[in-house]
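Summary of structural features
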Amino acid sequence: RPGQNHHPAGPSTPPSSPPTQSLSIQRQLYERDFPLYKQPVEVGHFSLDSERRFFNDARQLRYYVEPEKSCPNFDLRDGYRSRFVKRDDRVKEKLDHILRWILANRSKLQSKDTAASSSPCALGVDIVTWRGHLTKLLTTPYETREGWLLAVTRMGGTLYISEVETEAARRDRENRTERHEEMMYWGYKFEQYTCADDAQSLPDPGGVVNTNEAFCTVVQTRLAEHRLLFSGEVDCRDKDPKAPSPPANYIEMKTSLEISTPKQRSNFHRFKLLKWWAQSFLPGVPRIVAGFRDHDGVVVSVETYHISKISQLIKNETNCWKPTVCMNFCCEFLSFVKSVVTEDNPRVVHLFSWDPHRDVTYSIHRDSQYSFLPDWYVREMTS
Ligand code: A3P
Ligand code: MG
Ligand code: MG
């Protein structure tokens, strides 16, 4: 159906013609030069405390303490029953924390080039979203299991992108096994073994793991013509006071099953490193510290991955992912969204939907359950 599909490499759609109806995710369409991705700049940060309350500061930022031994024997199961407070994941916070940060920091955002820009808008950015939503977009060309729903609203010339939980994801969340529930704790427990509250102190493995607590960076960058503002959780920072400025001093913590066979190594490269790379590359976090664990949740080794070296690491893997496909797809999706979502109205949502082996499509919703920009934000931004 020529003309119906948004063609990535094709000429741009004239403003008067109707937007195309779908976007193809075929990988070969996105195999071209790596798009411009400007070095992300941290424009601010915020913290969420043990009760998920917002603070416009870095009180939850933690400091990485390198384990004493290369085989640390951290028991990730410790404290799961007695010292764990789990965030209520039935509560959908949408973009609320980012919007709170924007209202508290509007002056920092009115960038110098806003006035001169060809598409001036209130905030001086085209896209506001969570880093995690962009991670999902980056990995879409290689995703075979989980689809997504992204709600988009245009206000003041800026596109706000907020995820909606799919039916399948809701079913999975409500039907997790006890084993899976416990394993979701392990990643946070690893952070507790390796992160301290300040640069002088040591980690406290005897404390409570509370997954309400978070430190989030807010970064600004540009992907081709798209000016992005997004926020993402940061696990910890380098404790050396001479470390470079954020986000270059940030460290992402991960856990993974120890690798004992060539097949496991190949799967790790093809699937896990894709997600790890996408998540940290976006905000410019340069390093991942990975704890490799056994089936009983005991960390048997710790390794550092430099994001800039991951593409080299996977080069010899057959059938592997390519960073350029991820970035070009994300870029085309944002162009597609811009061409579709032209009505500037906080009450209108375009719901973009994608399922594995399908094209991206969308539907339009006015004053619906999908509206996500809160009144307190709309009022403040339009007054
Ligand atoms: P691991 O990354 O070690 O698996 P993050 O790594 O993004 O900082 O997230 C911290 C931890 O939250 C993860 O540790 C994992 O335990 C849990 N987690 C994150 N995303 C998850 C998801 N989609 N499903 C289940 N657990 C998740
Ligand atoms: Mg984290
Ligand atoms: Mg982590």
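Presented here is a report on the structure given in the accompanying data block. (Residues numbered from 1 in each chain as written. Chains lettered and ligands numbered in written order. Predicted model: local features only at pLDDT ≥ 70, side-chain atom pairs only at ≥ 80, totals over all residues. Heavy atoms only, no water.)

Turning our eyes to something else, we now look at the sheet that holds strand β11 (residues 195-196). Strand order in this open sheet of seven strands is β6-β18-β17-β16-β15-β5-β11, and the pairing throughout is mixed. Every interior strand has two partners, whereas the edge strands, β6 (74-75) and β11, have only one. In terms of strand pairing, strand β15 (residues 236-238) meets strand β16 (residues 250-257) through two bridges, oriented antiparallel. Bridge pairing in β16 links R237 to Y250. Its contacts with the sheet put helix α5 (residues 178-194) on β5 (63-64), β6, β11, β16, β17 (287-293) and β18 (298-306), and the angle it makes with β16 is roughly 135 degrees. Each of β16, β17 and β18 is contacted by helix α6 (residues 262-281), which is oriented at about 155 degrees to β16, the strand it contacts most. (Pairing = 2+ DSSP bridges. Helix = DSSP H or I, 4+ residues; strand = E, 2+ residues; numbered from the N terminus. Contact = heavy atoms within 4.5 Å. Axes fitted to C-alpha atoms, helices over the stretch in contact; angles between N-to-C directions.)

Its place among the elements puts S231 in strand β14 (residues 226-233). The buried category is assigned to S231, whose relative accessible area is 0%. In terms of polar contacts, S231 uses its side chain to reach the backbone carbonyl oxygen of T217, at 2.9 Å. Leave out the neighbours within four places in its chain, and S231 touches F46, I98, T129, W130, R131, C216, T217 and V218. (Buried < 20%, exposed > 50% of the residue type's maximum accessible area, 1.4 Å probe, protein only. Polar contact = N/O pair within 3.5 Å; in protein donor to acceptor, adjacent residues only side chain to side chain.)

A word on the site of ligand 1. Inspection of the region around ligand 1 gives M184, G187, Y188, E191, D235, E252, M253, K254, T255 and Q279 as its neighbouring residues. T255 is positioned with one of its backbone polar atoms (N or O) 2.6 Å from an oxygen atom of ligand 1. Summarising the interface, the protein chains cover 63% of the accessible area of ligand 1, which totals 530 Å² for the free molecule. Every element with two or more residues in the shell around ligand 1 is listed here: α5 and β16. When its residues are assigned to classes, the shell around ligand 1 shows three nonpolar, three polar and four charged. (Near = heavy atom within 4 Å. Areas by Shrake-Rupley, 256 points an atom, 1.4 Å probe, with all protein chains shown as cover. Nonpolar A, V, L, I, M, F, W, Y, C, P; charged D, E, K, R; others polar.)

What follows deals with the nonpolar core. W277, W321, F333, F352 and V360 are the most contacted members of the largest nonpolar core, which has 51 residues in total. Among the elements that line this core, the one with the most residues is helix α8 (residues 323-340), at 11 residues. Other than its neighbours up to four places away in sequence, F352 contacts W148, L149, L150, V152, F333, F336, V337, V340, V341, V360, T361 and Y362. Grouped together as the second largest cluster of nonpolar side chains are 30 residues, L149, A214, C216 and V218 included. (Core = buried A, V, L, I, M, F, W, Y, C linked by side-chain atoms within 4.5 Å.)

The protein atoms that coordinate the magnesium ion (ligand 3) are D235 (OD), E252 (OE) and M253 (O), at distances spanning 2.0 to 2.2 Å. The metal-metal distance between the magnesium ion (ligand 3) and the magnesium ion (ligand 2) is 3.6 Å, with D235 coordinating both. In this pair, D235 is assigned in the loop between β14 and β15 and M253 in strand β16, connecting sequence segments 18 residues apart. Each member of the pair, D235 together with M253, is buried. (Donors = N, O, S within 2.8 Å, 3.2 Å for Na, K, Ca; no water.)

Time to look at the packing of aromatic side chains. This structure, assessed with the given rule, holds 25 aromatic pairs. Where Y80 meets F84, the ring centres are 5.7 Å apart and the plane angle is 35 degrees; that geometry is what we call tilted. Put simply, the rings of W148, F333, F336, F352, W354 and Y362 touch in pairs and so form one group of aromatic residues. Here the guanidinium or amino end of R59 rests over the ring plane of F55, the centre of that ring lying 3.6 Å away. Across from the ring centre of Y193, 5.1 Å away, lies the NZ or CZ of K189, which sits over that ring. (Phe/Tyr/Trp six-rings, centres within 6.5 Å; stacked < 30°, edge-to-face > 60°. Lys NZ or Arg CZ within 6 Å of the ring centre and 35° of its normal.)

A complete count under the given rule lists 27 salt bridges for this structure. The shortest N-O distance in the salt bridge between K92 and E165 comes to 3.6 Å. Residue K92 is located in the loop between β7 (84-85) and α1 (96-104), and its partner E165 is located in the loop between β10 (158-164) and α4 (167-174); the two are separated by 73 residues in the primary sequence. Accessibility expressed as a relative area gives 42% for K92, which makes it partly exposed. Between K275 and E143 there is a salt bridge, with its nearest N and O atoms 3.3 Å apart. One end of the pair, K275, is in helix α6; the other, E143, is in the loop between α3 (131-139) and β9 (148-155), and 132 residues separate them in sequence. Relative accessible area serves as the criterion here: at 15%, E143 is assigned to the buried category. Sharing partners across several salt bridges, the network here consists of K86, D89, R176 and E181. (Salt bridge = Lys/Arg side-chain N within 4 Å of Asp/Glu carboxyl O.)

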